[in-house]
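# Structural overview
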2 protein chains.
Amino acid sequence: MIQVNEYFEGSVKSLGYTRTNGKSTVGVMEPGEYTFNTGSAETMIVIEGRMEVLLQGEDTWTTYGDGNSFDVPGNSTFQVKVATQTSYLCRYD
Amino acid sequence: MIQVNEYFEGSVKSLGYTRTNGKSTVGVMEPGEYTFNTGSAETMIVIEGRMEVLLQGEDTWTTYGDGNSFDVPGNSTFQVKVATQTSYLCRYD
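Everything numeric in this text was worked out from a predicted model, so none of it was measured.

The next subject is the interface of chain B and chain A. The partner chain A presents 24 residues to the 24 residues of chain B that form the contact. Across the interface of chain B and chain A, roughly 2000 Å² is buried in total on both sides, 61% from carbon and sulfur atoms. Of all residues in chain B, the largest losses of buried area upon contact with chain A belong to Ile2(B), Glu48(B) and Gln85(B), amounting jointly to 31% of the total for that side. Linking chain B with chain A are four salt bridges. A salt bridge links Arg91(A) to Glu48(B); the shortest N-O distance between them is 2.5 Å. Counting the contacts that link chain B with chain A gives 16 residue pairs in polar contact (both at pLDDT 80 or more). Mapped onto the side of chain B that touches chain A, the elements with two or more residues apiece are strand S2 (12-19), strand S3 (22-29), strand S5 (42-48) and strand S10 (86-92) of chain B.

A few words now on the packing of aromatic side chains. Within the structure shown, the criterion is met by twelve aromatic pairs over all chains. Seen from their ring centres, Phe36(B) and Phe78(B) are 5.2 Å apart, and the 25 degrees between their planes marks the pair as stacked. Linking Phe36(B) in strand S4 (residues 32-37) with Phe78(B) in strand S9 (residues 77-82), this pair joins segments that are 42 residues apart in sequence. Residue classification places Phe36(B) among the buried positions, given a relative accessible area of 14%. Arranged with centres 4.6 Å apart and planes meeting at 35 degrees, the rings of Tyr64(B) and Phe70(B) form a pair that is tilted. One exposure class covers both Tyr64(B) and Phe70(B), and it is buried. Of the aromatic side chains, those joined through ring pairs into one cluster are Phe8(A), Tyr34(A), Phe36(A), Tyr64(A), Phe70(A) and Phe78(A).

In this section: unusual backbone geometry. Residues and elements named next belong to chain A. You will see that Phe8, though not glycine, has its phi angle at about 45 degrees, which is positive. Checked against the element boundaries, Phe8 lands in the loop between strand S1 (3-7) and strand S2 (12-19). Overall, Phe8 belongs to the partly exposed group, its relative accessible area being 36%.

This brings us to the sheet that holds strand S7 (residues 62-65) of chain B. Residues and elements named next belong to chain B. Within the open sheet, the four strands sit side by side as S4-S9-S6-S7. Their pairing is antiparallel. Single-partner strands in this sheet number two, and they are S4 and S7. Shown here is a sheet whose adjacent strand axes are inclined to one another by a mean of 25 degrees, direction ignored. The pairing of S4 with S9 spans six bridges and is antiparallel. If you follow Tyr34 over to S9, its bridge partner there is Val80.

On the secondary structure map, Lys13(B) appears in strand S2. By relative accessible area, which is 6% here, Lys13(B) ends up buried. Not counting residues up to four positions away in its chain, the partners in contact with Lys13(B) are Met1(A), Ile2(A), Val4(A), Leu15(A), Asn5(B), Glu6(B), Val26(B), Gly27(B), Val28(B) and Tyr88(B).

Attention shifts here to the relation of the copies chain B and chain A. Mapping chain B onto chain A leaves a residual RMSD of 0.0 Å; the transformation is a rotation of 180 degrees accompanied by 0.0 Å of translation along its axis. Both copies of the chain, as the preceding transformation shows, are related through a two-fold rotation axis. In terms of proximity to the rotation axis, the leading residue of chain B is Val26(B), whose C-alpha is 3.3 Å off the axis. A shared interface surface links the copies, since 100% of the contact residues of chain B are contact residues in chain A too.

Turning our eyes to something else, we now look at the environment of Gly32(B). Residues and elements named next belong to chain B. In this structure, Gly32 sits in strand S4. Linking Gly32 and Ser11, residues 21 residues apart in sequence, is a C-alpha distance of 8.1 Å. With near-sequence residues (within four places) excluded, Gly32 lies in contact with Val80, Lys81 and Val82.

Calculation notes
- Residues numbered from 1 in each chain as written.
- Chains lettered and ligands numbered in written order.
- Predicted model: local features only at pLDDT ≥ 70, side-chain atom pairs only at ≥ 80, totals over all residues.
- Heavy atoms only, no water.
- Contact = heavy atoms within 4.5 Å.
- Buried area = accessible area lost by both parts, 1.4 Å probe.
- Salt bridge = Lys/Arg side-chain N within 4 Å of Asp/Glu carboxyl O.
- Polar contact = N/O pair within 3.5 Å; in protein donor to acceptor, adjacent residues only side chain to side chain.
- Helix = DSSP H or I, 4+ residues; strand = E, 2+ residues; numbered from the N terminus.
- Phe/Tyr/Trp six-rings, centres within 6.5 Å; stacked < 30°, edge-to-face > 60°.
- Buried < 20%, exposed > 50% of the residue type's maximum accessible area, 1.4 Å probe, protein only.
- Pairing = 2+ DSSP bridges.
- Axes fitted to C-alpha atoms, helices over the stretch in contact; angles between N-to-C directions.
- Least-squares fit on C-alpha atoms with pLDDT ≥ 70 in both.

In structure tokens form, the structure reads like this:
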């Protein structure tokens, strides 16, 4: 079953599925600022658009565009700023 | 607004959004066989998984895996066979 997830009152939506070696989601973020919490570690890949990201414990924001990816440790938070609708792939370890 | 689309009784779901130069969707297909109709021309990119594709007027199926893409003319149909959950990006021209 393809799981439809909604966060931040529908400003972030994703579709959950199983890939060959684990769980993933593909999703879209509306323009805005978001704080996410991780359970397991995950890798985020920007599909189309742009994200500014601040990982927990860091003090500089990094910008990721189409095809760029970043790793997020498990049991941590990360902040994301999005200026235009942005799609992403999230791979859970 | 992020549009949630469902096709084939939920076996294919997608999220619609606007990219910098047009409309796109990211979606997931359950294992199965599907026939899609296009309005405008589109480019399909496999994100994770595998698709076997038969374009209208062709007689050989072509397999596309992660990162592979294919173009579909407007106002045409294409058939897709999927053996495992597969995510994709569709860019509308």
